[in-house]
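Each chain, letter by letter, is given below.
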Amino acid sequence: MSIDKIMVVGAGQMGLGIAQVCAMSGIEVVLHDISEEIVEKGINSIDKQLTRLVEKGKMSENEKNETQQRLTTSVNLSNASSVDLVIEAIVEKMEIKTKLFKELDKLTPDHTILATNTSSLPITEIAAATNRPKRVIGMHFMNPVPVMKLVEIIRGLATADEVFDQIKNLTEKINKVPVEVNDFPGFVSNRILMPMINEAIYTVYEGVAEPEAIDEVMKLGMNHPMGPLTLADFIGLDTCLYIMETLHEGFGDDKYRPCPLLRKYVSAGWLGRKSGRGFYTY
Ligand code: CAA
Ligand code: NAD
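Sequence order sets the numbering: in each chain, residues are counted from 1 along the sequence as written. Both sets of labels track the order of writing: A upward for chains, 1 upward for ligands. Reporting of local features is limited, given that this is a predicted model, to residues whose pLDDT is at least 70; pairs of side-chain atoms are given and counted only at 80 or more, and all residues count toward the totals for whole chains, interfaces and linings. Computation of side-chain values covers all heavy atoms of the structure but excludes hydrogens and water.

Participant: Describe the overall build of the protein chain, with residues and values.
Facilitator: The secondary structure listing takes helices from DSSP runs of H or I that are at least 4 residues long and strands from runs of E that are at least 2 residues long, numbered from the N terminus. Per the secondary structure count, the protein chain includes eleven helices and eight strands. The globule rule is 2.2 Å times the number of residues to the power 0.38, and the radius of gyration it is compared with is taken over C-alpha atoms. In terms of overall size, the protein chain behaves like a compact globule, its C-alpha atoms giving a radius of gyration of 19 Å where 282 residues would be expected to give roughly 19 Å. The dimensions of the protein chain, computed from C-alpha atoms along their principal axes, are 55 × 45 × 30 Å. Using a 1.4 Å probe on the protein chains alone, a residue whose accessible area is under 20% of its type maximum counts as buried, one over 50% counts as exposed, and one in between counts as partly exposed. Within the protein chain, the fraction of its 282 residues that count as buried is 51%. Residue pairs at least 24 apart in sequence account for 67% of intrachain contacts in the protein chain once pairs closer than 6 positions are excluded. Using a 1.4 Å probe, the Shrake-Rupley method yields the accessible areas, and only the shown protein chains count as cover for residues. Approximately 13,400 Å² of the protein chain is accessible, and the part contributed by carbon and sulfur atoms is 52%. His residues and chain termini do not enter the charge count, which takes Lys and Arg as positive and Asp and Glu as negative. The atoms used to mark charge sites are NZ of Lys, CZ of Arg, CG of Asp and CD of Glu. Looking at the protein chain, you have 30 positive and 38 negative side-chain charges, and the mean spots of the two groups are 1 Å apart. Working rule for contacts: check all heavy atoms of both residues, and any pair within 4.5 Å makes them a contact.

Structure representation (structure tokens):
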């Protein structure tokens, strides 16, 4: 079975990147979110990215037009009835994701694979909300999707080998590098990255240094492309908090306790770049 048509659920920063790279690789993409306004804004943002690629000589005008033609929008989840794969990229909350997976399970044909771009939540638990755990898998892209090569691929306990192979092949088709990791909280990427970001937030909280100084230390001292607080703002402070909560709950170890300052910023609606304010102002 080939994967010719996919639905991306969630037209936020991750969903848009995933939709863009899939459409650029010749796959038909339905971009779905909860309102017309959000999906329209999303399509405009992808158009801007494609125009930039044309301006830089990385894509022809013809390729841009063909990519745009492969992208359609949806605010009605029943449009999932015609796709071979759904990639979910909505908020990092188990109850919201399992509700969506239950609906998708009813609306999609038996052959459809249901993938989640979750940063940290157990794939096995998401899969168990459906009647097709064999066809549920983790496909964890990195931000910004058009630039970052890695996709962590995570099997749930019941994921079929055939589904794993199809997703691995698809990842290569869209010019990404698949790395298989096991289903534990935060997988590999966020098990290692997020405690570092949380520690950087504790460093602000305890008054060790200002955000600018902390970021400068990690950029100039460790050659990180972005300092940890700039990166936290870029990822979204809500997402960072939910990932830390998953690590804390999943391992039960206090070393994963989310910094109170991170909680405070999220309750204030300071979510980083996407809300205009986080450790920095945008
Ligand atoms: N979307 C698309 N393309 C983008 C982009 C975006 N948001 N941001 C930058 N780019 C492109 C630029 O257009 C540029 O392309 P060209 O080389 O073709 O001109 C290229 O990336 C480099 O950009 P810049 O020169 O403007 O800036 P930079 O050299 O600082 O790179 C960066 C930008 C790639 C984002 C770099 O800062 C970086 O690698 N940051 C760290 C990113 C990171 O760690 N991501 C992982 C986050 S964790 C995660 O994703 C998992 C999770 O579950 C939370
Ligand atoms: P975001 O806040 O930018 O976007 C989420 C989108 O989902 C919004 O447009 C929202 O309207 C939509 N949405 C919410 N509930 C929905 C529903 N029931 N049906 C349809 N759409 C719905 O979030 P994001 O940063 O793109 O993160 C999305 C997922 O990707 C999360 O699970 C996150 O952990 C994961 N992720 C994030 C990053 C990152 O750096 N931000 C990296 C890798 C993975």
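This is not the end of the story, as more comes after the structure.
Participant: So what's going on with the sheet that holds strand β1 (residues 5-9)? Residues and values would help.
Facilitator: DSSP calls a pair of strands paired once it identifies at least 2 bridges connecting them. Pairing is mixed in the open sheet, where eight strands are placed in the order β3-β2-β1-β4-β5-β6-β7-β8. The outermost strands of the open sheet, each flanked by one partner alone, are β3 (71-74) and β8 (177-181). Each adjacent strand pair in this sheet contributes to an overall mean axis angle of 25°, direction not counted. Relative to strand β5 (residues 113-116), strand β4 (residues 85-88) runs parallel, the two sharing four bridges. Bridge assignment links E88 to a residue of β5, and that residue is T116. With axes taken as lines fitted to C-alpha atoms, and helix axes fitted only over the stretch in contact, angles between N-to-C directions fall between 0 and 180 degrees.

Participant: Just give me the short version of the confidence of the model for the protein chain, but keep the residues and values in it.
Facilitator: Note: predicted coordinates in regions of low pLDDT should not be interpreted at a detailed level. A residue's pLDDT is the predictor's confidence in that residue, given on a scale from 0 to 100. Model confidence for the protein chain is summarised by a mean pLDDT of 98, while 100% of its residues fall at 70 or above. Both scores are given for the predicted complex: the pTM is 0.98, the ipTM 0.98.

Participant: Can you break down the side chain of N190 residue by residue, with the values?
Facilitator: The residue N190 is located in helix α7 (residues 189-205) in this model. With a relative accessible area of 6%, N190 lands in the buried category. Among residues more than four places away in sequence, those in contact with N190 are S119, H140, P195, I243 and L247.

Participant: A description of the side chain of T118 should follow, citing residues and the corresponding values.
Facilitator: For T118, the position within the fold is in the loop between β5 and α5 (123-128). Those residues in contact with T118 that lie beyond four places of it in its chain are E92, K97, I123, I126, H140 and F187.

Participant: Can you explain the UniProt feature "domain: 3-hydroxyacyl-CoA dehydrogenase C-terminal" (unreviewed entry) in the protein chain? Please cite residues and give values.
Facilitator: According to UniProt, the "domain: 3-hydroxyacyl-CoA dehydrogenase C-terminal" (unreviewed entry) feature falls on residues 186-282. Note that residues 186-282 is 62% helix and 0% strand, and that its end C-alpha atoms are spaced 28 Å apart. UniProt positions are given in the numbering used here, feature names are shortened, and annotations may be inferred rather than shown by experiment.

Participant: Explain the site of ligand 2 to me, and be specific about the residues and the numbers.
Facilitator: By convention in this text, a residue qualifies as near a molecule or strand provided that one of its non-hydrogen atoms is within 4 Å of it. Contacts to ligand 2 come from 22 residues, most closely from D33, E92, K97, S119 and I235. Polar contacts here mean pairs of N or O atoms no more than 3.5 Å apart (in protein, one a potential hydrogen donor and the other a potential acceptor; neighbouring residues in sequence count only if both atoms are side-chain atoms). Within the backbone of M14, an N or O atom sits 2.9 Å from an oxygen atom of ligand 2. Contact between ligand 2 and I90: an oxygen atom at 3.0 Å from a main-chain N or O atom of the residue. Every element with two or more residues in the shell around ligand 2 is listed here: α1 (13-24) and β6 (136-141).

Participant: Please give an account of the pairing of β1 that cites residues and values.
Facilitator: Where burial is concerned, most of β1 is hidden: four out of the five residues are buried. With five bridges joining them, β1 and strand β2 (residues 28-32) adopt parallel strand pairing. Along β2, the bridge assignment pairs K5 with E28. Looking down the strands as they point away from the viewer, one classifies a crossover as right-handed if the path from the first strand across the helix to the second runs clockwise. Read from β1 through α1 to β2, the crossover connection turns out right-handed.

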